[in-house]
Amino acid sequence: MKRALFRTRIKFCGLTRAGDVRLAGELGVDAVGLIFAGRSPRRIEPQAARALREALAPLVDAVALFMDNSAGEVRDAITHARPTLLQFHGSEDDAFCRRFGLPYLKGIGLKGAEAGLSGRVLHARYPHAAGFVLDGHASGQPGGSGERVDIAAIPDDMSKPYVLAGGLSADNVYAAIRSASPWGVDVASGIELEPGIKDGALMRRFVEEVRRADCIELGDNGDIGECNACGR
Ligand SMILES: O=C(O)c1ccccc1N[C@@H]1O[C@H](COP(=O)(O)O)[C@@H](O)[C@H]1O
């Protein structure tokens with residue numbers, strides 16, 4: 001695939017501090033994930049989400065992440081966080097995910113029960129999904145554990161955008177983008193000091209590595225061509 005002027009989208013997930021949200025915007029990150037899943041160490045209360053939302057720069061998406069939350073909890077989070085996108089990581093079906101009137105991403109664990117499902121099956125199961133988050137963890141398990149995604153497990157017939165997640169960091173995101181060419185990349189633990197506490201230097205290095213991967217144009221035969229932006 002030729003990647004002329006392609007820009008890999010970046011989502012930082014599980015932010016809990018307004019300063020981290022501000023820095024994400026300054027670094028040019030496309031989306032910031034606020035986690036309402038009960039099983040997450042990065043979970044925030046809806047009221048706390050309001051302050052984080054206010055720290056978000058314009059033109060940056062706020063993504064509200066859920067895992068088997070009740071409809072009431074999802075609505076409460078939406079009221080406070082005013083997300084532009086929802087992300088579901090549990091056993092929610094398409095009807096549940098779409099009932100809130102916002103576009104949604106469905107998180108799929110590439111290990112366990114959902115391993116080996118084709119893109120065709122995923123698209124049929126979640127026909128209204130805007131895209132998918134393909135994550136390294138087993139289905140039924142919460143993400144955010146740093147469990148490394150196996151690029152070989154990505155279905156080869158994904159027709160909707162997918163975001164790659166699972167154990168990504170500044171040390172491996174370049175290689176992951178070069179081999180999988182995802183629509184976007186999503187990271188939680190790889191940019192933090194401890195769950196929910198992000199590290200500015202790791203955030204910056206992660207973005208730099210994504211930009212470096214995007215700077216290379218791959219020809220149809222996989223050869224590395226010159227940089228689209230700088231011509232080198
Ligand atoms: O991050 C969490 O705590 C979490 C909890 C429940 C479901 C999903 C969760 N996070 C998602 O998992 C990916 C990968 O995380 P990591 O980079 O491997 O630590 C993260 O980007 C979130 O979208």
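Residues numbered from 1 in each chain as written. Predicted model: local features only at pLDDT ≥ 70, side-chain atom pairs only at ≥ 80, totals over all residues.

**Q** If you had to explain the nonpolar core to someone new, which residues and values would you point to?
**A** By size, the foremost hydrophobic cluster in this structure holds 55 residues, and its most contacted members are Phe12, Val32, Leu34 and Val185. Those residues in contact with Phe12 that lie beyond four places of it in its chain are Ala24, Val29, Val32, Gly33, Val187, Ile191 and Met203. (Core = buried A, V, L, I, M, F, W, Y, C linked by C-beta atoms within 7 Å. Buried ≥ 20, exposed ≤ 12 C-beta atoms within 10 Å, placed from the backbone. Contact = placed C-beta atoms within 7 Å.)

**Q** An account of unusual backbone geometry is requested, with residue identities and associated values reported.
**A** The phi dihedral of Leu59 falls on the positive side, at around 70°, and the residue is not glycine. Positive phi values are uncommon outside glycine, yet Arg82 reaches one of about 45°. Topologically, Arg82 is positioned in the loop between α3 (71–81) and β4 (85–88). (Helix = DSSP H or I, 4+ residues; strand = E, 2+ residues; numbered from the N terminus.)

**Q** So, the environment of Gly131: which residues are in play, and what are the values?
**A** Inspection of the secondary structure assignment puts Gly131 in strand β6 (residues 131–138). As a C-alpha pair, Gly131 and Trp183 span 52 residues in sequence and 9.3 Å in three-dimensional space. When residues no more than four places from it in sequence are discounted, the contact partners of Gly131 are Leu105, Lys160, Pro161, Tyr162, Val163 and Trp183.

**Q** Before we move on, could you go through helix α1 (residues 18–27) and cite the residues and values that matter?
**A** Regarding α1, the residues found buried are Asp20, Val21 and Ala24. Down the axis of α1, the buried side of the element spans an arc of 100°, and every buried residue falls inside it. For α1, exposure combined with an orientation more than 90 degrees from the buried face picks out Gly19 and Glu26. Contact partners of the buried residues in α1: β1 (9–13), β2 (31–35), α2 (46–54), β10 (197–198) and α7 (200–214). (Arc of directions from axis to C-beta.)

**Q** Can you explain the site of the ligand? Please cite residues and give values.
**A** Around the ligand, 27 residues are found, and the nearest of them are Ser40, Pro142, Gly143, Gly144 and Ser189. Mapped by element, the contributors of at least two residues to the shell around the ligand are β2, β6 and β8 (184–187). Across the shell around the ligand, the residue classes tally to 11 nonpolar, 12 polar and 4 charged. (Near = placed C-beta within 6 Å. Nonpolar A, V, L, I, M, F, W, Y, C, P; charged D, E, K, R; others polar.)

**Q** So what's going on with the confidence of the model for the chain? Which residues, and what values?
**A** Averaged over the chain, the pLDDT score is 91; the fraction of residues at 70 or greater is 90%. Of the two predicted TM-score estimates for the complex, the pTM is 0.92 and the ipTM is 0.97. (pLDDT = per-residue confidence, 0-100.)

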